[in-house]
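Take a look at the letters that make up each chain.
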Amino acid sequence: MPDQLLYAIEAGLNGLMAGVLYSLVALGFVLIFKASGIFNYAQGVLALFAALTLVGFQNGQIPFAHLINAVFGTDLHEFGWHLPAIVAIVLTGAVMVGLAIIIERYVLKHLVNQAPIILFMATIGMAYFLEGLGDIMWGADIKKLDVGLPQGINETIDTVTFNALGYGFFIDNLDIVASVVAALLVISLTIFSQYSKQGRALRAVADDHQAALSVGISLRFIWVLVWSIAGFVALVAGIMWGSKSGVQFSLSLIALKALPVLMLGGFTSIPGAIVGGLIIGMGEKLFEFFVGPMIGGATENWFAYALALLFLVFRPQGLFGEKIIERV
Amino acid sequence: MFYREAGDFKTSYADDSQTFPIRFDRLRYYAVIAVAFGVIPFFINDYWANAVFVPFLIYAIAALGLNILTGYCGQVSLGTGGFMAVGAYAVYKLMTAFPEVSILIHVLLAGGITAVVGVLFGLPSLRIKGFYLAVATLAAQFFLVWLFNKVPWFYNYSASGQISAPERTVLGHAVTGASTTAPAKYLFCLIILFALAWLARNLTRGTVGRKWMAIRDMDIAAEIIGVNPLTTKLSAFAISSFYIGVAGALFFSVYLGAVEVGEAFGIQKSFLILFMIIIGGLGSIFGSFAGAAFLVLLPVLLKNILVGHLGWATDLAAHVELMIVGALIVIFLIAEPHGMAQLWRLAKEKLRLWPFPH
Amino acid sequence: MNQMNPDGYTTADGRKIGPVLMEMKNITLRFGGVKAITDISFDIREGEIRAIIGPNGAGKSSMLNVISGFYVPQEGEVWFKGHRRGPMRPYQVARLGIARTFQNIALFDGMSVLDNIMTGRLTLMKSGLFSQAMWWGRAEREETGHREKVEKIIDFLEIQSIRKTPVGRLPYGLKKRVELARALAAEPRLLLLDEPMAGMNVEEKEDMCRFILDVNDEFGTTIALIEHDMGVVMDLSDRVVVMDYGKKIGDGTPEEVRNNPDVINAYLGVSHD
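Here the structure is a predicted model, which is why all the values come from computation and not from measurement.

Time to look at the overall build of chain A. When helices and strands are tallied, chain A shows 14 helices and zero strands. The helix and strand sequence of chain A, counted from the amino end, reads α-α-α-α-α-α-α-α-α-α-α-α-α-α. Taken over C-alpha atoms, the radius of gyration comes to 21 Å for chain A, in line with the 20 Å a tight globule of 328 residues would show. Its C-alpha atoms give chain A principal-axis dimensions of about 65 × 60 × 40 Å. Burial status across chain A gives 44% buried among its 328 residues. Partitioning the intrachain contacts of chain A with sequence separation of at least 6 by distance along the chain shows that 74% fall at a separation of at least 24.

Rendered as C-alpha cells:
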C-alpha cells in the first residue's frame, strides 16, 4: 500500500477517536434537549467545571482560595491531602448533582414556556457564569489531570500494523479507553431510558410537557435528573479531554465542536450524536490531511461547521431528526 | 409632573407616527444631542475617549446592527465577530490601496462589503431556523477568522500577521493613526452613529420594519399575508451586516489602530454584542444604546472598584466580571426578556401618571 | 340552482352574484401516502359568501390552504380570475388579492394592533428601501396614505380604542377581530376565513356574523369560509360545499345541502350499509 494512503488511514482512525469524544459531549446536549427542549450551550463549560472540580478534589485545593486571599489577606492554597481518583470522581459527581439542583431551582424553573431561543441565550449566560465560578473556585492556571488512565501509543496496534503493512499506526491508548467508555455510556443510557421507570417518565416529558404533568410526572424531578445525567456525561468528557490535553479554558470549547455534530445528527437523536461525531471527527482530520496543506492548514476550526451547514441546507432536520411538517 | 401626553393632541397621522410623540421626550432628545455634539467634545480626554466613549459609540453601532437582525427580524446570529472582522479588513485593504480617497467613504464601503458577505452567510436562513441558524452562523465566525489569519493578502503580507491603520484625516483632522486627538475620534464615531441610528429608526418604523417583525413573530403567517421571506430575511442580513461592518471598520481603524483578528474579533466578541442587545432590549433602538453603554461601563467600573480600590489581582476581577455578566444575562432573560428598554418604557408609563396615579 | 348561468345568479335576499372568480378543478392533495383531499371540484363566484363544511378531519383546512397557496396539490388545477394559477409561493398568492385569517390566531404578537393591520397592506406598498431609510417624500406619503385606509377599517370593525395596544395583551375575541382587520386591509378580491367563530361566545359570534355580512355588503368582497356552527353557516352563506373524508359529498344552497341524504349521513352518522 502506498504510504500516502496509510497516513490517510491513520489520520482517519485518529479522527474517529476524536469523533468519539465529540459524540460524548454531543450526547449531553441531546439528553437535555430531548427532555426539556433546551439547547444547552453550557455543556462544554460543565465539562470544564467538572474537570476543574475533580482536579481540585484530587489535589486537596481549597475552593475559592484566590477570592478568600484577596478579601481577607490570607495565604491559603491547599488542605495538604491527596484524594484517590475514585473518591474524587464520586465527590465531583455529587457536586454535579448539586449544580443540577441549583440550575433547576434558580434558572430553569423561571424560564418554563419561554421560546427555545431565549432558553438558548440563557444557557450562554450560564456558561459565562460557570466559567467564572470555576476559575474563581479553583484558579485559572492549566492543570494536569491524571486519574490513572493508560496513555501513550498502543504498542500492540503499532506492532501488528507494522508487521502487516510495514507501517505502524499511532493510536493513543487514551483514545481507545475513551471509545470504550463512550460505548458503555451510550448502552447504559439507552437501557436506562428504555427500561427504567424514570427513563419512561423522561421520554414522556420529552414528548409533551403538559401531558406528562397531567399523569403525575414531576417535571422538576425529571429536569434535575436530566441535568445530573448531563453533568455526569460532562464529567466523563472532562476526564477524557482533561487527561489528554490538560484542564484549561479551551476545554470548554469542545462545546463548539459538538454543535456541528448535533446539526448533522439531529438534536433529538442519540444515534445521531454518535454517528455525527464520528463523521465530523473523521471528516475534519481527512480534510486537514488532504486539503489543509493546500490552503494553509488549521481547517479544523471551521470544517465541521461548513460540513454541517452544507448538510443542513439539504436536510434541515439533520441525519436522524424527525421530518419537520409546517402547519398553520 | 412635566411628563404628560394630555393636551398634546395630534392632528395628522404623520405627527402621530413620529419617533417621540410626547413633547417632553422630544425636548430631552434634543438636549442629549446638544450635549453629545456641543459639550462633550470640549471636555473629552484620552482616558475617557479610549475607555468609555469611543468603544461605546462603536459597540452601539454593532448592537444596532445585530438588533436589526436578531431583535427585529428574529434571526439569531453568533457571527458578529466575524462580520466585524470583514469590515476591519475591508477598510484596511481600501485604506492602503486607495490612500487618496476619504476615510469616511472607505468606512461606508467596508460596510457595503460586509453587507455582501452577510447576505452570503444569510442564505441558509431560508432553509434553517432558530438555533440551528444560530449555530450555522458560527460557521461564518470561524471561517472568516481563519480566512483572515491564513491568507496573507488580507494583511498585506505583514510579518506579524497584524493589520495597523495608517494616518487618515477628515477635514484636516487626523481620525486614524497615532496622532489622533480624543475629540476627533469621538466626533468621527459620533457622527456615524448618529446617522446610522436615525436610519435604523426610520427603517424599523416603516414597511421594512413591519416585514422584519412579521417574519420574527410568525414566519409562516407572514408569508401567507404577502411577505417574501427571501428578500425580507436577506435585507435584514444585508443591513445588519452593513452596520456591523462599519462598526468593525471603526473598531480597527479608529479605536484599536492595530488588530490581530483572532483576538479582536473572536467568538467572544459575537457573544458580547449579543449580550448587549439582550440586556439592552431586543427590538429596540434605545436598547442597543443602553446595552452597549452598560457592557462598556461595567468592566471599567468593576476594574476601578476591584483592582483600583480593593487591590485584587486583575485575573480575579476578570473572573468576577464573567460571573456577573453571565448572571445578569440569566436574570434579564428571566425577569425582563425585553431588557433595559422595557424597564425604561415601564418607568415612563408610570411617570406619565405620577404623582396622581388614580 | 342556476349554477349553469355563467354571468351569475340572484340570491334569495336579492343580492346579485357575479361570474366565477375562483375555480378548483379536480384537486387532489396527499401527505406522503395519506390523501387529505380527493378529486374535489367547485367554484367561488364574485360577491358570494361560500362556505366549506364537514366533520373534523374532512380536509376543510387543507382545502383552504390549497386556495391560499400554502399547500400545493399533487393533482388538479386552480383557476383565479379566469387564469390558471401556476405553482406559486404563498406570498405571491397574497399579491393576487387573496387574504385570509387563521384557525389558531396568527397575529404578530410583538407588534401593536395598528402595526398588525398595517402589515395587511404590505402587498400594496411600493416605496424602496432607501426612501424609507430617509423617511422622505414617497415613503412618508405612502405611510400616511395607508394609515388613512387602515383607520377606516379600524372604524369599521370598532377597534379604535385598542389601536396602540400590543396584540399579545388582547382577549381572544378581539384578536379574531384584529385578524379580520388585517386581512381586510389588503383589500382582497377573495377573503378566506378559517373558522372565524371558533371558541367565541354567542355575543361575539353575532358581532362576527354582522362584520362578515357587512364586509360582503359594503366592499363587495367575495368570502370563502370554514365553520363548524351549522346555524351560522346556514344563515350566512349563499352556497355550501360539504366535505367528508377528503371527498365532496354535497354542493348547493343551504337548503339543498340540508336535504342532501349524503350530508345527513355524514353528520348524523347513519350507518353506511
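Moving on from the model shown.
Residue and element names in this part refer to chain C. Across the sheet, four strands lie side by side as 4-3-6-7; this open sheet has antiparallel pairing. This sheet does not close on itself; its edge strands, each paired only once, are strand 4 (34-45) and strand 7 (83-84). As paired elements, strand 3 (residues 20-31) and strand 6 (residues 75-80) share five bridges and run antiparallel to each other. By the bridge assignment for strand 6, T28 is matched with E75. Helix 1 (residues 60-67) rests against strand 3 and strand 4 of the sheet, and its axis sits at about 60 degrees to strand 4.

Each partner contributes residues to the interface: chain A has 41 residues there, and chain B has 37 residues. Contributions of two or more residues to the side of chain A that touches chain B are made by helix 3 (65-72), helix 5 (116-138), helix 11 (254-265) and helix 14 (300-314) of chain A. Among the elements that take part in the side of chain A that touches chain B, helix 5 of chain A stands out by supplying 17 residues, more than any other. Here the residues of the side of chain A that touches chain B sort into 32 nonpolar, six polar and three charged.

Turning to the domain arrangement of chain C, a few remarks are in order. Residue and element names in this part refer to chain C. Assigned domains of chain C: these are domain 1 (1-97 + 188-273) and domain 2 (113-186). Each of domain 1 and domain 2 was reduced to a C-alpha centroid, and the two centroids are 27 Å apart. Looking at the side of domain 1 that touches domain 2, the elements that each hand over two or more residues are helix 2 (90-95) and helix 7 (202-219). Tallying contributions element by element places helix 7 first for the side of domain 1 that touches domain 2, with four residues. The class makeup of the residues in the side of domain 1 that touches domain 2 is eight nonpolar, one polar and two charged.

We now examine the environment of B:G291. All names here are of chain B. Within the fold, G291 resides in helix 13 (residues 285-309). Sequence separation between G291 and N228 is 63 residues, and the spatial gap between their C-alpha atoms is 31 Å. Residues within four places of G291 in sequence aside, it is in contact with A63, M276, I277, I279, G280, G339 and M340.

Let's shift gears to the packing of helix 11 of chain A against helix 6 (residues 130-150) of chain B. Taken N-terminus to C-terminus, the directions of helix 11 of chain A and helix 6 of chain B make an angle of 125 degrees; their axes are 10 Å apart at the nearest point. The pairing of helix 11 of chain A with helix 6 of chain B is recorded here as oblique in orientation. With respect to the hand of their crossing, helix 11 of chain A and helix 6 of chain B are arranged in left-handed fashion. Here A:L256, A:L259 and A:M263 of helix 11 of chain A come into contact with helix 6 of chain B, specifically with B:Y132, B:V135 and B:L138. Across the contact of helix 11 of chain A with helix 6 of chain B, the residue classes break down as six nonpolar, no polar and no charged.

Moving on, we get to the pairing of strand 3 of chain C. Residues and elements named next belong to chain C. Bridge count between strand 3 and strand 4: eight bridges; the pairing is antiparallel. Its bridge partner lying in strand 4, E23 is registered against D43. As consecutive antiparallel partners, strand 3 and strand 4 are separated by two residues, and within that stretch G32 has a phi angle of approximately 60 degrees, a positive value.

Residues and elements named next belong to chain C. Strand order in the open sheet formed by six strands is 8-9-10-5-11-12, and the pairing between neighbours is mixed. Each edge of the open sheet carries a strand with a single partner, namely strand 8 (98-100) and strand 12 (247-252). Ignoring strand direction, the axes of neighbouring strands in this sheet form an average angle of 20 degrees. Seen against the sheet, helix 10 (residues 261-268) touches strand 11 (239-244) and strand 12 and runs at an angle of roughly 125 degrees to strand 12.

About the criteria used
Residues numbered from 1 in each chain as written. Chains lettered and ligands numbered in written order. Predicted model: local features only at pLDDT ≥ 70, side-chain atom pairs only at ≥ 80, totals over all residues. Helix = DSSP H or I, 4+ residues; strand = E, 2+ residues; numbered from the N terminus. Rg over C-alpha atoms; globule rule 2.2 N^0.38 Å. Buried ≥ 20, exposed ≤ 12 C-beta atoms within 10 Å, placed from the backbone. Contact = placed C-beta atoms within 7 Å. Pairing = 2+ DSSP bridges. Axes fitted to C-alpha atoms, helices over the stretch in contact; angles between N-to-C directions. Nonpolar A, V, L, I, M, F, W, Y, C, P; charged D, E, K, R; others polar. Domains from an automatic or database assignment. Parallel < 35°, antiparallel > 145°, perpendicular 65-115°, else oblique. Left-handed = near helix turned anticlockwise from the far one by under 90°.

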